[in-house]
Amino acid sequence: MMMMNSHQQSVKPKGDISSVFSHLGGKETQLDPSLLALKKEIAPKDPSVLNNAYERLIKSFEHETPEIKEKGSSVIPQVEFEEIQANNGRFPPHIEAQIRHRGCVIVRNVIPEQEARNYKEQIKSYIGNHPGQIEGFPKNDPQVWEVYWSQSQVAARSHPRFETATLALNQLWHAEDNTVIDLTKNLGYCDRLRLRKPGDHSFALQEHIDSGSIERWQDPEYRKCYTDIFSGNWEKHDSFDATHRVEACMDYYNSPGGCSVFRNFQGWIAISDIKTGSGTLRVCPLLQQSTAYFLMKPLIEEYIEKNDYIGALPGLCQGIGKTDYPHIIDTMVSMPDVKPGDCVFWHCDQVHAVEQKNDSEVDSSVLYIPSVPLCRINSEYLKKQRHAFEKGLTPPDFPGNHFEETFEDRAKPSTATELEKLNMGLIPYPKLPADSTEGQRQALALHNKILGFA
């Protein structure tokens, strides 16, 4: 790894969100021959094991698809923020069961509507204050801006109600008691924003999965997350077990759009009215089945001799094409209509896309903010991100543009609230309660050491 000086926080090249998508211009790389040998190491020696599992998988899709086709967007679980508050910060049991099945959820009224609308106006003013100084995708008419440190983004990431929502997401997860993770805490992860104009068709993301691609097979620890799938027992796969995710390497190739942290759920806050058809998110609402599909198919007898991971390429996200994964494409649904302040969250393994066009008369605008629990790799990233915040640099996972470095009106540590300081690693967390697990205690001690508080 290259050494970084204080000015060049990220070694990643300049760019925009297109860098990680081959269909938007991201550079495809050939697979190393060693990856063919790896397939044979992972797959069971008896090819019938995965062939039979694959047949069961296709039958499961065929069984589930009619309901999804009938219900459309209404299959997506939805819950009012107040229901989480009333249930001691957890999702009601029936919603929890739906999220585990569907992989995603809409939490309504997380941010008060007018507050969310104000976020957008502040961001538009922020961008307007710096004409020609900030870029985005596409370059000629940005819809997704390389902006990270507007005051609205920093405020939203640490909003108490958003914190409650993401901690509820954490409670869906579990890990062995000695796993070094604390699911009662979330860290700030600074991502971009979208201001998608009416009629735009440039920001159309095809079906894909983030958090690495080839890494899910290549990294031994990441691979352990999917042991049941690789052994043909995909029905037993637990999408919410964090035990092996806390040390998984999700960005082997330091790609300009790679994510090096464990985001258990990706997410966004709507800052405009977004209707179905308005350039919104699409997902495959069969989490377990779709994960098994894209991980298992390259290993079945038909493909085991080909150095091809069917959509997974180094440095790019995992692509999901209609020819290779027709059952996934056939079950994709768009999010229901949302209002400013509603949040959409989807699991880190979930196949998702963005509608081809914003076919409405208003903008389709969101702040991308995931759920990022406290664990070593996330604390290590937070330390680097904290430096970027202090200097106004682009966060380390993103293309190294550093557009905001000289902006006096960006958010700064000196203006941060206590919650924002905690979220951004500027102050330490208080001590844990006595009934904490060994893993929680280790995670917090390591967090404080990494950030220089111990």
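The model shown is predicted, which means the values in this text are computed figures rather than measured ones.

Calculation criteria
- Residues numbered from 1 in each chain as written.
- Predicted model: local features only at pLDDT ≥ 70, side-chain atom pairs only at ≥ 80, totals over all residues.
- Heavy atoms only, no water.
- Helix = DSSP H or I, 4+ residues; strand = E, 2+ residues; numbered from the N terminus.
- Buried < 20%, exposed > 50% of the residue type's maximum accessible area, 1.4 Å probe, protein only.
- Contact = heavy atoms within 4.5 Å.
- Areas by Shrake-Rupley, 256 points an atom, 1.4 Å probe, with all protein chains shown as cover.
- Lys, Arg positive; Asp, Glu negative; His and termini not counted.
- Charge placed at Lys NZ, Arg CZ, Asp CG, Glu CD.
- Salt bridge = Lys/Arg side-chain N within 4 Å of Asp/Glu carboxyl O.
- Phe/Tyr/Trp six-rings, centres within 6.5 Å; stacked < 30°, edge-to-face > 60°.
- Lys NZ or Arg CZ within 6 Å of the ring centre and 35° of its normal.

Novice: If you had to explain the overall build of the chain to someone new, which residues and values would you point to?
Specialist: Across its full length, the chain carries 15 helices and 15 strands. Overall, the chain is about 60 × 55 × 50 Å in size when its C-alpha atoms are taken along their principal axes. By residue count, 59% of the 454 residues in the chain fall in the buried class. The contacts of the chain with a sequence gap of at least 6 include a subset with a gap of at least 24, amounting to 82%. A total of about 17,900 Å² of accessible surface is found on the chain, and carbon and sulfur atoms cover 51% of it. A distance of 2 Å separates the average location of the 49 positive side-chain charges in the chain from that of its 62 negative side-chain charges.

Novice: Quick one: what's the story with the pattern of salt bridges, residue by residue and with numbers?
Specialist: Working definition: two side chains of opposite charge can pair if their charged atoms are close together. Inspection of every chain in the model, using the stated rule, returns 27 salt bridges. For the salt bridge of aspartate 182 with lysine 185, the shortest nitrogen-to-oxygen distance reads 2.9 Å. As far as burial versus exposure is concerned, aspartate 182 and lysine 185 are alike and both buried. The network of salt bridges with common partners includes Glu113, Arg117, Asp273 and Lys339.

Novice: Tell me about the packing of aromatic side chains, and please be specific about residues and values.
Specialist: Applying the stated criterion across every chain yields a total of 16 aromatic pairs. Between tryptophan 173 and phenylalanine 240, the ring centres sit 5.5 Å apart and the planes meet at 65°, which makes this aromatic pair edge-to-face. Pair noted here: tryptophan 173 is in the loop between α7 (160–170) and β5 (181–186) and phenylalanine 240 is in the loop between α10 (227–230) and β8 (265–270), with a separation of 67 residues, a long-range link. Residue phenylalanine 240 is classed as buried on the basis of its relative accessible area, which comes to 2%. Their ring planes at 45° and their centres at 6.2 Å tell us that tyrosine 252 and tyrosine 253 sit as a pair that is tilted. The class of tyrosine 252 is partly exposed, set by a relative accessible area of 35%. Members of the aromatic cluster, connected to one another through ring pairs, are Tyr54, Phe61, Tyr293 and Tyr325. Directly above the ring of tryptophan 268 sits arginine 194, whose terminal nitrogen or CZ lies 5.9 Å from the centroid.

Novice: Outline the environment of tyrosine 54, supporting the account with residue identities and numerical values.
Specialist: Here tyrosine 54 shows up in helix α2 (residues 47–71). The buried category is assigned to tyrosine 54, whose relative accessible area is 15%. The spacing of tyrosine 54 and lysine 297 is 243 residues in sequence and 7.4 Å in space, taken between C-alpha atoms. In this structure tyrosine 54 touches Tyr293, Met296, Lys297 and Ile300, once residues within four positions along its chain are discounted.

Novice: Explain unusual backbone geometry to me, and be specific about the residues and the numbers.
Specialist: With glycine set apart, most residues show a phi of negative sign, and most peptide bonds adopt trans. Along the chain, phenylalanine 137 connects to proline 138 via a cis peptide bond; the corresponding omega equals -10°. By secondary structure assignment, the location of proline 138 is in the loop between β3 (136–137) and β4 (144–145). The phi dihedral of serine 211 is positive, around 65°, even though this residue is not glycine. Mapping serine 211 onto the fold places it in the loop between β7 (208–209) and α8 (215–218). Take serine 211: its relative accessible area is 4%, and that puts it in the buried class. Look at histidine 402: it is not a glycine, yet its phi comes out positive at around 55°. With respect to the helices and strands, the residue histidine 402 is situated in the loop between α13 (376–391) and α14 (418–423).

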